[in-house]
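Single-letter residue listing:
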Amino acid sequence: MKQVVRAICAAGLSLLALSGTARAEDTVEAVRARGVLRIPGILNEDPYFNKDPRTGEWRGFAIEMARDIAKTLGVKLQVVESTWPNSILDVQSGKADLALGVTATPQRALSVAFSQPTYFNSFVIVSPKPELSKRSWAELNDPKYTFAVDLGSSQDLIAQQYLPKAKMLRFKSRDEAIVAVVTGKADGLVNTMLNGLVMAKKASGIGKVMVPQPVLSTPSVVAMNWGTDEKWKAFISSWAEYNRRIGNNQTWIVNSLEPFGITLDDMPEGFGFGG
């Protein structure tokens, strides 16, 4: 009798395992069945994201990347307004299928799964003070300097690691950090190359993009829910790797910078999106 019970239990567990496997491999089909790919979009985050308040249309290279993923799947793209911190929560909760333009950090890797890199970005200083040009991170790590940064961002983490001795002004929004530099409260702003290039064109008085040595390059990835199946993770990673290597991702990025008068010629020497 005990052997019969064991056999029944084993069979039941096998069925549960098979059922769980079937459920775990449904992400691609679930998205196709729904007919839309959902991603978080962040307002006023050129060149990544932005929403036209008149038409409701989204633009930016992260949007173009997401559109291509949706096209590959044969579905439409649905963009849900969010913020950078909330975009990770959106993926964790299942509100969004993917989050693009995410900087891969060890802390975030505890919350979401990462794809292969879509492109590589670099951390920079944006400053109106020419004396900061060509300074290394070690030379800028001095109490005589004051820098602004948006709180909790990847650039905030870099500032903590490389500029612990410098005075740091941390703000809830990037706009507040920009104002601190323009008004002279801070010597410069710590951010990424792409954001820095746009800021230098849009914000009068913020100065120029400076690349301290050594160049700190970080991968930008697509974030996915840890609980999703391996088929979905493999598909998104393959998409990211393929489009990075053949140059599509760089083309989308460069196209998103054109409205601000930024071209590849504006990129500092040695900087490349491919890593």
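Quick notes on the rules
Along each chain, the written sequence defines residue order, and numbers are assigned to residues from 1. At least 70 in pLDDT is required for a residue's local features to be given in this predicted model, at least 80 for side-chain atom pairs to be given and counted, and no such filter applies to totals for whole chains, interfaces and linings, which use all residues. Neither water nor hydrogens contribute to the side-chain values; these are computed over all heavy atoms in the structure. Every angle, taken between N-to-C directions, lies between 0 and 180 degrees, and every axis is a line fitted to C-alpha atoms, over only the stretch in contact when it is a helix. Helix numbers and strand numbers start at the N terminus; a helix is a DSSP run of H or I with at least 4 residues, a strand a run of E with at least 2. Should an angle lie under 35 degrees it is considered roughly parallel, over 145 roughly antiparallel, and from 65 to 115 roughly perpendicular; all remaining angles are considered oblique. Here a crossing is called left-handed whenever its near helix is offset anticlockwise from the far helix by less than a right angle, and right-handed whenever the offset is clockwise. Here, residues are in contact when the closest pair of their heavy atoms is within 4.5 Å. Buriedness for pockets is judged along seven lines, at least five of which must meet protein on both sides within 12 Å for an open set on the 1 Å grid over protein atoms alone, while cavities are sets there where a 1.4 Å probe fits but cannot get out, and lining residues have an atom within 4 Å of a point. Grid points are joined across faces, edges and corners, and a volume is the space filled by probe spheres set on the points. Note that Gly is not counted as nonpolar here; it falls among the polar residues with everything else outside the nonpolar set of Ala, Val, Leu, Ile, Met, Phe, Trp, Tyr, Cys and Pro and the charged set of Asp, Glu, Lys and Arg. Note on definitions: salt bridges are taken to be side-chain nitrogens of Lys or Arg within 4 Å of carboxyl oxygens of Asp or Glu. Only protein chains enter the accessibility calculation, which uses a 1.4 Å probe; a residue whose area is less than 20% of its type maximum is buried, one above 50% is exposed, and one in between is partly exposed. Confidence of the predictor in every single residue is expressed as pLDDT, which spans 0 to 100. Among buried residues, the Ala, Val, Leu, Ile, Met, Phe, Trp, Tyr and Cys ones that are joined through side-chain atoms within 4.5 Å form a nonpolar core. Two strands qualify as a pair provided DSSP detects at least 2 bridges between them.

(A) Structural detail: the packing of helix H3 (residues 61-73) against helix H11 (residues 248-257). At a closest axis distance of 8 Å, the pairing of H3 and H11 adopts a crossing angle of 140°. Regarding the angle of H3 to H11, the classification is oblique. Our pair here, H3 against H11, has a crossing hand that is right-handed. For the pair H3 and H11, the contacting residues are Phe61, Glu64, Met65 and Asp68 in the first and Asn249, Trp252, Ile253 and Ser256 in the second.

(B) A look at unusual backbone geometry. Residue proline 47 is reached from aspartate 46 by a cis peptide bond, and omega for that bond is 5°. Looking at the secondary structure, you find proline 47 in the loop between strand S1 (36-42) and strand S2 (50-51). In this structure, the amide linkage connecting glutamine 213 to the following residue, proline 214, adopts the cis form with an omega of -5°. One non-glycine residue, asparagine 44, lies in positive phi territory at about 55°. Mapped onto the elements, asparagine 44 comes out in the loop between S1 and S2. Notably, lysine 134 is not glycine yet its phi reads approximately 65°, a positive angle. Within the element layout of this structure, lysine 134 appears in the loop between strand S7 (119-127) and helix H6 (137-140).

(C) Here's a closer look at the layout of surface pockets. Taken as a whole, the largest pocket encloses approximately 910 Å³ of empty space. The set of elements that each furnish at least two residues to the lining of the largest pocket consists of helix H4 (84-93), strand S5 (99-103), S7, helix H7 (154-162), helix H8 (174-182), helix H9 (193-202) and strand S12 (217-224). Here the lining of the largest pocket is composed, by residue class, of 15 nonpolar, 17 polar and eight charged. Computed from the structure, the second largest pocket encloses a volume of approximately 260 Å³. If you go around the second largest pocket, the residues you meet are Ser133, Lys134, Leu197, Ala200, Lys201, Lys208, Val209, Met210, Val211, Ile262, Asp266 and Pro268. Here the residues of the lining of the second largest pocket are counted per class, giving seven nonpolar, one polar and four charged.

(D) Up close: the pattern of salt bridges. Tallied over the entire structure, the rule returns 14 salt bridges. In this structure, the salt-bridge partner of aspartate 97 is arginine 38, at a minimum N-O distance of 3.0 Å. Remark: arginine 38 occurs in strand S1 and aspartate 97 occurs in the loop between H4 and S5; sequence separation between them is 59 residues. Note on arginine 38: relative accessible area 18%, which makes it buried.

(E) Up close: the confidence of the model for the chain. On average, residues of the chain score 89 in pLDDT, and 89% of them reach the 70 mark or higher. pLDDT under 50 marks residues 7-11. Its contacts with residues more than four places away, or in other chains, come to zero contacts. Below a pLDDT of 50 lies the segment residues 13-23, which in the model reaches zero contacts outside its immediate sequence neighbourhood of four places, other chains included.

(F) Region of interest: the packing of H3 against helix H10 (residues 230-245). In the contact formed by H3 and H10, the axes pass within 12 Å of each other and the chain directions differ by 125°. Between H3 and H10, the angle falls in the class oblique. Crossing angle aside, the handedness with which H3 passes H10 is right-handed. Where H3 abuts H10, its residues Met65, Asp68, Ile69, Thr72 and Leu73 lie against Trp232, Phe235, Ile236, Trp239 and Asn243. For the contact of H3 with H10, a count of residues per class yields seven nonpolar, two polar and one charged.

(G) Layout of the nonpolar core. By size, the foremost hydrophobic cluster in this structure holds 52 residues, and its most contacted members are Leu37, Ile69, Leu73, Leu98, Leu100 and Trp232. In terms of residue count, H3 provides more of this core than any other element does, eight residues in total. With residues up to four places along the chain from it excluded, the contact list for leucine 98 reads Leu37, Arg38, Ile39, Pro40, Ile69, Val91, Val222, Ala223, Met224, Trp232 and Ile236. Counting 16 residues, the second-largest nonpolar core is a separate cluster that includes Trp137, Leu140, Tyr145 and Leu163.

(H) Up close: the pairing of S7. Counting buried residues along S7, nine of its nine residues qualify, which places the element largely inside the surrounding structure. A two-sided burial pattern is seen for S7, the buried positions comprising Tyr119, Asn121, Phe123, Ile125 and Ser127 on one face and Phe120, Ser122, Val124 and Val126 on the other. Two elements, S7 and S12, share four bridges in a ladder whose sense is antiparallel. Bridge pairing in S12 links asparagine 121 to threonine 218. Note: S7 against strand S10 (residues 188-192), four bridges, orientation antiparallel. Paired with valine 126 across the strands is leucine 189, a residue of S10.

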